[in-house]
Amino acid sequence: MVQSMSIGLKDQNKGLFSVWQEIFQLPRVKRKRVGQELSLGLEEGHLQGAGDSVGGSVNAQRLQHILHLASSTGEYEKLTQGLYENFLSMKLKDPSLQGVCRGLDWLGFTDMLSETVFRGQNFSLLRYLPFLPAAFHMFFAANNVPRITYPNSQYEAQSRKQQTENVLIAMLAEVHPSVRSRSCLHTLSLDILSLLLDIICPRLRPVNPQLYSTREKQQLVELIDTMLTYNLTYRQDRTPEGQYLYVLEPNVEGVVRFHTLPPRRQLTYQAKQMIAREIEVEKLRRAEAMLQARNPPQKQTKEMEPPKSAAPKSAAPKPEMRNHQQRLENIVKQAAVETRPELDFFGRTVTTKGKMVSATTSADPAKAAVEPQIGKAVGSSDVWFRFNEGVSNAVRRNIYIKDLL
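1. Here's the deal with the nonpolar core
By size, the foremost hydrophobic cluster in this structure holds 32 residues, and its most contacted members are M171, I200, M227 and I275. In this view, M171 contacts L188, L193, L196, Y230, N231, L232, P250 and V252; residues no more than four positions away in its chain are not counted. L67, A70, V100 and L107 belong to the second largest nonpolar core, which has 20 residues in total.

As structure tokens, this is what we get:
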């Protein structure tokens, strides 16, 4: 009476492995007592007609027990995944595989039922989800102890699908608009990529590209254009063993090829390296061409005026000064230089000698003021220099004072 009450049974649900084991294993038969066999033999005539009903009651009890067990668990999705991954590993005496077909039908029915519940918000159908474990118990239960493994295939398939979608989305992100307008994830994975991987693996001779024939150079140009159109390139990667190799970026090769199948024709390491370099060069060339197309160089058109006889000679254009001369002269003119008389060690004024006197008596006073400060090399030579105060220990050498005077 106490066990039949539904009060205080909140925390009596079992773990998933215990539930799976009870589903795939028949319950143990209770042993009969010595006196019970004699009493059953005397009453055999009375119970012979009720044998079918007794067997039916046993099956009904098993069904009711599994229904209660699955309902108390609550994790129907994980419970269904475990049944799907383990029911084929059970020891079955079913040469025609009719039980397997019925189990797959029940799995399909449960999948449709779950979709109807969660998509149509019809939660009244949730009461029928526990009947899948009960059906599997009637189909695949055996006396031996089953070996249950935790279901991982659904998680692996989901992560694999997400990874594949991310690769295809990354590929379509920078694909040429003329290709992207006619392509989608479904079209790429089913129709395009399987043939595209064969197109981008031509037969290239392992020699310097400068030695290619005209036909091979044209084939290389078409290969580079195809890979740029579909946003493909080769990226150098390092294996755990320390070996370097080039892989596709994005790696669409794993999307359409199964790991169990032998690999198709592959390019050599030198060919992939050469293709990767040519792709980078072509990207820079196209970017520069696009930049020039957006910002065309402005051509300076000079209008030729007819010569005038009365034009003065002073109207002739002055020769343009060099950039470094303009910069130095502007710096010197803008700087406020305070002229001080040259003094010797004892503070006496030192008179300038012949060269400085001739420079100061120049006809052009502006040039005379600028030239001693920046040096004559600016006007008479292509070499110029400017002294910056400071100290540097980069190069050391012995310099005498007499060399500086």
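Continuing now.
2. Quick word on the packing of aromatic side chains
Taken as a whole and assessed by the stated rule, the structure comprises 10 aromatic pairs. Ring centres of W20 and Y150 lie 6.4 Å apart, and the angle between their planes is 65°; on these two criteria the pair is classed as edge-to-face. Here the residue W20 occupies a position in helix α1 (residues 16-24), and Y150 occupies one in the loop between α7 (131-140) and α8 (153-173), the gap between them amounting to 130 residues. Both rings, one in Y246 and one in Y269, keep their centres 5.1 Å apart while their planes meet at 55°; by these two values the pair is tilted. Of this pair, Y246 sits in strand β2 (residues 244-249) while Y269 sits in helix α13 (residues 269-294), placing them 23 residues apart in sequence. Among the residues examined, Y246 registers a relative accessible area of 12% and is labelled buried. When its relative accessible area of 30% is taken as the criterion, Y269 is described as partly exposed. Here the aromatic residues F87, F136, F139 and F140 are joined through ring pairs into a cluster of three or more. We note R102 situated over the ring of F139; from NZ or CZ to the ring centre the distance is 5.0 Å. The ring of Y400 is capped by K402, whose NZ or CZ atom sits 5.8 Å from the centre of that ring.

3. Some thoughts on the confidence of the model for the chain
The share of residues in the chain with pLDDT of 70 or more is 70%, and the mean pLDDT across the chain is 77. Under a pLDDT of 50 for its full length, residues 300-304 has, in the predicted model, zero contacts with residues more than four places off or in other chains. Overall, residues 355-362 carries pLDDT values under 50, and its contacts beyond four positions in sequence, including any with other chains, amount to three contacts.

4. Some remarks on the pairing of strand β1 (residues 233-238)
Where β1 lies against β2, six bridges are found, and the strand directions are antiparallel. Paired with Q236 across the strands is Y246, a residue of β2. If you look at the hairpin formed by β1 and β2, you'll find five residues sitting between the two strands, and G242 has a positive phi there, around 90°.

5. A word on the packing of α1 against helix α5 (residues 76-86)
The N-to-C vectors of α1 and α5 enclose an angle of 50°; their axes lie 11 Å apart at closest approach. Classed by the angle they form, the pair α1 and α5 counts as oblique. Of the two elements, α1 crosses α5, and the hand of that crossing is right-handed. Residue-level inspection shows L16, V19, W20, I23 and F24 of α1 in contact with α5, the latter providing K78, L79, G82, L83 and N86. A class-by-class count of the residues in the contact of α1 with α5 yields seven nonpolar, two polar and one charged.

6. Examining the pattern of salt bridges
A side chain of one charge can pair with a side chain of the opposite charge if their charged atoms are brought near each other. This model, assessed by the stated rule, comprises six salt bridges. Of the charged contacts in the structure, one is a salt bridge between R119 and E115, with a shortest N-O distance of 3.2 Å. Residue R119 and its partner E115 are located together in helix α6 (residues 98-120), separated by four residues, close to a single helical turn. Of the charged contacts, one joins R235 and E249 as a salt bridge, the two residues approaching to 2.9 Å between their closest N and O atoms. Pair noted here: R235 is in strand β1 and E249 is in strand β2, with a separation of 14 residues, a long-range link. Look at R235 and you get partly exposed, because its relative accessible area is 36%. Residue E249 is classed as partly exposed on the basis of its relative accessible area, which comes to 33%. Look at the salt bridges and you will find they share partners, linking D225, E282, R285 and R286 into a network.

What counts and how
- Residues numbered from 1 in each chain as written.
- Predicted model: local features only at pLDDT ≥ 70, side-chain atom pairs only at ≥ 80, totals over all residues.
- Heavy atoms only, no water.
- Core = buried A, V, L, I, M, F, W, Y, C linked by side-chain atoms within 4.5 Å.
- Buried < 20%, exposed > 50% of the residue type's maximum accessible area, 1.4 Å probe, protein only.
- Contact = heavy atoms within 4.5 Å.
- Phe/Tyr/Trp six-rings, centres within 6.5 Å; stacked < 30°, edge-to-face > 60°.
- Helix = DSSP H or I, 4+ residues; strand = E, 2+ residues; numbered from the N terminus.
- Lys NZ or Arg CZ within 6 Å of the ring centre and 35° of its normal.
- pLDDT = per-residue confidence, 0-100.
- Pairing = 2+ DSSP bridges.
- Axes fitted to C-alpha atoms, helices over the stretch in contact; angles between N-to-C directions.
- Parallel < 35°, antiparallel > 145°, perpendicular 65-115°, else oblique.
- Left-handed = near helix turned anticlockwise from the far one by under 90°.
- Nonpolar A, V, L, I, M, F, W, Y, C, P; charged D, E, K, R; others polar.
- Salt bridge = Lys/Arg side-chain N within 4 Å of Asp/Glu carboxyl O.

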